[in-house]
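The chain contents come next:
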Amino acid sequence: MADSPLARAVRWDTVVGALLIVVLLLSFGFVDGFGNALNLSFLIGNTLPIALIALPMTLLVVSGEIDLSVASTAGLSGAVMGALWNQGMTIETIIPLCLLLGAVCGLINGLLVTRLGLPSLAVTIGTLAAYRGIAQIILGSDAVTDFPTQYLDFAAGRIGDTFIPYALLPFLVLLAIAVVVLHAAPFGRSLFAIGASEEAARFAGIRVKRQKLILFTVTGLMAALTGVFWALHYASARYDNATGLELAVIAAVLLGGIDFDGGKGTLGGAIAGVFLLGALQNVMSLVNVSAQSQIVVTGVLLVVSVLGPRVGRQISVARAGRRAAASTPTS
Amino acid sequence: MTHRSDTGPAPVLALKDISKSFGAVRALRDVSLELFPGEVHALAGENGAGKSTLIKTLAGVHRPDAGQVLLDGEPTVFHGPADARDAGIAVIYQEPTLFPDLSIAENIFMGRQPRRALGRIDHKATHAATVALMQRLGVELDPDRPARGLSIADQQIVEIAKALSFDARVLIMDEPTAALTGSEVARLFGVVRTLREQGAAVLFISHRLEEIFQICQRVTTLRDGAWISSEPLDGMTEDDLVRRMVGRDLDELYPKQEVQAGEVAMSVRRLTREGVFTDVSFDVRRGEIVGLAGLVGAGRTEVARAVFGVDRWDAGEVEVDGKALTNGAPSTAMAAGLALVPEDRRAQGLVMDMSIERNIGLTGLRTTVKAGLMDRGAERSRSLDWAVKLQVKYARIADTVNTLSGGNQQKVVLAKWLATAPKVLIVDEPTRGIDVGTKAEVHRLLSQLAADGVAVLMISSDLPEILGMADRVLVMHEGRLTAEIPRSEATEESVMAAATGRAAA
């Protein structure tokens, strides 16, 4: 944290932040229809599902784990929401139930990883399929669209004629909480230690399994919240909502400089990565790039994002090594 | 091949007035070294003296800024490790890197296996060549055994065999004994003697002085990157060598203070972990240093791990300061006042990619907290305090610990645990692989802690350390405590007898 201004400047998360600004400026200048408030509110609104899940996903990846089932949990939560709504339950009851269900989904992932010692990659590929399957069983191929208007308006609307969607405000609160938890609280500090060396963390008295269980549970909860938001934002609860969203989330988080091997990264970087991805998708749609080509771009970004921080780290390690060498021989 | 260096042929490999700088740092200054065939040459020096840089220069990894590398008396430039290898120079590192899924023979001949028609690998010839190499070394290892599961000692033998297969004339062994047991060291030395008799030149690096005297004929000493001396070991004492390495008379290596033992601080009762250790009971009192001796694999480390809670125990109980510890919960052990400086500082003691500050801070995640958030000011001053108290040599407290030397890393581990103000401190191999100067500092520190009323349990495979520091020696053999020997009666013989199960305790 106390690196020189130069060293800070080459950190990958600041690189991504700068890249985001450049992309935004170029888009304002050269892409027709980008700069108006309505488009910007679309950009933000469409990016919010990625951003919401990216919050716990960042913490999870920092701790050396991953959850690929988040999009399925979101889909399941949407499907349950639709099914219960069809049953005539009030939305005020349904939403807490959906969130609870998401927490349970996350808890199951967490228990499989921490109690049975299975790799989270494998566990959550399994639950990715399982949760999506349950969603389909529950809702079939129905689409539930007739949610109360004030909820739909909140999820899809913006504040007056500004570019700010209503939903951005609660997201900013959640972002602030996540930043504090990861970067200022003991919990976050222990996550970095776990991700960098789980064994050393255990030998330092950190309750590794408990921390991971909490994280998986919160991730499930946030995925369910995203599922609720998705169904309201697009006014459609279907079993296949948010399919493939996990790829976008992970691409964005890695793009933001969170090390896939754990132990490194900042939430600022991750969120910059999320909105960089969101902006690129928005621009590509505006200039009529096909959906298939957009996926190619996401894939390339994913590879670049795994590669980039590594190159940056080589540079900074070499620099630190020289510094230490400079100090040791003069004892 | 029994030439003495002063009358014999030209050195097979020599460095003449070598200097090497990294940035502003002069790692080597006008260093000279001559390696003769049929001789084992020791390279001595504290951590940071320039030994690694010198080895890397010999191995073609670094190119010197000034000075010459002479091969058979001819000036040579190595453009890379491959050049050095082709010139017959091989380096055996402390921890070899073999392909675990390939056989020993395949590892030795990787990439240059004997071929049959159509380019197929000739397994028979590979096998036979490996058998021949093992015979030359006087070692029995099955060439077809996969490398996975080989002990570090066996892996080193494979590396040496590989070096021989390249017709290596110069063998550089970088702390080969650091992770070996006594009998493995003896076997390795047998191999080294065989190589010496066959005319190889060996450069041997070790922190264990007695090994240098055991196996080497001459020694070159480095201090702070400068050449200090090259001389025969005949007639030198360990004290002479230490003086050359540290540049002063070392205060006593085992500065044990006499302390009156106080009340029991930790009590271990009938602790059992099935298949690992059985029915282990002992007390450690305030002010006491209790040594825990035994052969590697006797279960000492495992007892420490279970007591601290990293592993679970199956039966028994542990009390620290009168409070019973929870099975398998390091956090409650810490809260009760227990600290464990683990055996493997790189994997267990430290998060290598984290800063010195944060590593020390890891044990303060519950204490350096204000309103539920990290109190960064308190964390920094706590870390700085302890880093300074233990005289850790670092550039900046925010540098990652992997930039530090082994001895300084160990000090950071100690700092991390002393910052918790423990009542009971367990140290597992506290001075393994660190230089003699730092070793003395660690001993002084442990002695001072005991004098201040901390109960210390010291696990060590270094017998002189156990005998020099411990008030009482507990000995384990095959998972059981076999002896408890008071300081006055503890000798190498009595401890080893109990450790090998020969004594009626």
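If you check an unreviewed UniProt entry, chain B appears there as Sugar ABC transporter ATP-binding protein from Streptomyces himalayensis subsp. himalayensis. According to UniProt, the comment filed for chain B under the heading Subcellular location (unreviewed entry) is "Cell membrane".

Identification of chain A as Autoinducer 2 import system permease protein LsrD from Streptomyces himalayensis subsp. himalayensis is taken from an unreviewed UniProt entry. Quoted straight from UniProt, the Subcellular location (unreviewed entry) entry for chain A says "Cell membrane".

Just checking my understanding: could you explain the packing of helix α8 (residues 168-183) of chain A against helix α9 (residues 186-196) of chain A for this structure?
Axis angle and axis distance: for two packed helices, these are the angle between their axes and the distance between the axes, and together they describe the pair. Residues and elements named next belong to chain A. As a packed pair, α8 and α9 sit with axes 5 Å apart at the nearest point and diverge in direction by 60°. When the axis of α8 is compared with that of α9, the two are oblique. Of the residues in α9, those in contact with Val181, Leu182 and His183 of α8 are Phe187, Gly188, Arg189, Leu191 and Phe192. Considered class by class, the residues forming the contact of α8 with α9 number five nonpolar, two polar and one charged.

Mind showing me how you'd approach the packing of α9 of chain A against helix α11 (residues 208-233) of chain A here?
All names here are of chain A. Between α9 and α11, the shortest axis-to-axis distance is 11 Å and the interhelical angle comes to 110°. Our classification of the angle between α9 and α11 gives roughly perpendicular. Facing Phe187, Ser190, Leu191 and Ile194 of α9, the residues of α11 in contact are Val208, Gln211, Lys212, Ile214 and Leu215. Considering only residue class, the contact of α9 with α11 consists of six nonpolar, two polar and one charged.

Looking at this structure, I do not really get the interface of chain B and chain A. What am I missing?
It is common to give the size of an interface as the accessible area that goes away when the parts come together. At the junction of the two partners, chain B supplies 36 residues and chain A supplies 33 residues. Both sides together, the interface formed by chain B and chain A hides about 3100 Å², and carbon and sulfur atoms give 61% of it. Here Asp353 of chain B ties to Lys264 of chain A by a salt bridge, and the two come within 3.3 Å at their closest N and O atoms. For the pair chain B and chain A, the number of links is eight residue pairs in polar contact (both at pLDDT 80 or more). Elements supplying a minimum of two residues to the side of chain B that touches chain A: α9 (300-308), α10 (330-336), α11 (345-349), β18 (373-374), α13 (376-389) and α14 (406-418) of chain B.

How do you make sense of the sheet that holds strand β11 (residues 264-273) of chain B when you look at a structure like this?
Remark on secondary structure: sheet strands pair via backbone hydrogen bonds, oriented parallel or antiparallel. Residues and elements named next belong to chain B. The four strands lie next to each other as β12-β11-β14-β15, forming an open sheet whose pairing is antiparallel. Each of the sheet's edge strands pairs with one partner strand only, and the pair in question is β12 (277-285) and β15 (323-324). As judged from the five bridges shared by β11 and strand β14 (residues 315-320), these two strands associate in the antiparallel manner. Note that in β14 the partner of Arg269 across the bridge is Glu317. Contacts from α9 reach β11, β12 and β14, with the element oriented near 70° to β12.

Would you take a moment to explain the pairing of β11 of chain B for this structure?
Residues and elements named next belong to chain B. Here β11 runs beside β12; their pairing, made up of six bridges, is antiparallel. If you follow Val268 over to β12, its bridge partner there is Phe282. Connecting β11 to the antiparallel partner β12 that follows it, the hairpin turn spans three residues, and Gly275 within it adopts a positive phi of roughly 80°.

Help me understand the sheet that holds strand β19 (residues 424-428) of chain B, please; the structure alone is not making it clear to me.
Residues and elements named next belong to chain B. Taken in spatial order, the six strands line up as β16-β19-β20-β13-β21-β22 in an open sheet, and their pairing is mixed. A strand with exactly one partner marks an edge of an open sheet, and here the two such strands are β16 (338-341) and β22 (480-486). Pairs of neighbouring strands in the sheet enclose a mean axial angle of 20°, with direction left out of account. Where β19 and strand β20 (residues 455-459) come together, five bridges link them in parallel fashion. In the sheet register, Asp428 faces β20, and the bridge partner there is Ile459. Contacting β13 (289-294), β16, β19, β20 and β21 (472-477), α9 crosses the sheet at an angle of about 145° to β16. On the sheet, helix α17 (residues 492-499) packs against β13, β21 and β22 and is oriented at approximately 30° with respect to β21.

So what exactly am I meant to see when it comes to the environment of Val219 of chain B here?
All names here are of chain B. Within the secondary structure, Val219 is located in strand β9 (residues 218-223). The class for Val219 is buried, based on a relative accessible area of 0%. Sequence spacing of Val219 and Leu43 is 176 residues, and the spatial spacing of their C-alpha atoms is 5.8 Å. Setting aside anything within four residues of it in sequence, one finds Val219 in contact with His41, Ala42, Ala44, Ser229, Ser230, Glu231, Leu233, Met236 and Leu241.

Calculation notes
Residues numbered from 1 in each chain as written. Chains lettered and ligands numbered in written order. Predicted model: local features only at pLDDT ≥ 70, side-chain atom pairs only at ≥ 80, totals over all residues. Heavy atoms only, no water. UniProt positions renumbered as here; feature names shortened; annotations may be inferred. Axes fitted to C-alpha atoms, helices over the stretch in contact; angles between N-to-C directions. Helix = DSSP H or I, 4+ residues; strand = E, 2+ residues; numbered from the N terminus. Parallel < 35°, antiparallel > 145°, perpendicular 65-115°, else oblique. Contact = heavy atoms within 4.5 Å. Nonpolar A, V, L, I, M, F, W, Y, C, P; charged D, E, K, R; others polar. Buried area = accessible area lost by both parts, 1.4 Å probe. Salt bridge = Lys/Arg side-chain N within 4 Å of Asp/Glu carboxyl O. Polar contact = N/O pair within 3.5 Å; in protein donor to acceptor, adjacent residues only side chain to side chain. Pairing = 2+ DSSP bridges. Buried < 20%, exposed > 50% of the residue type's maximum accessible area, 1.4 Å probe, protein only.

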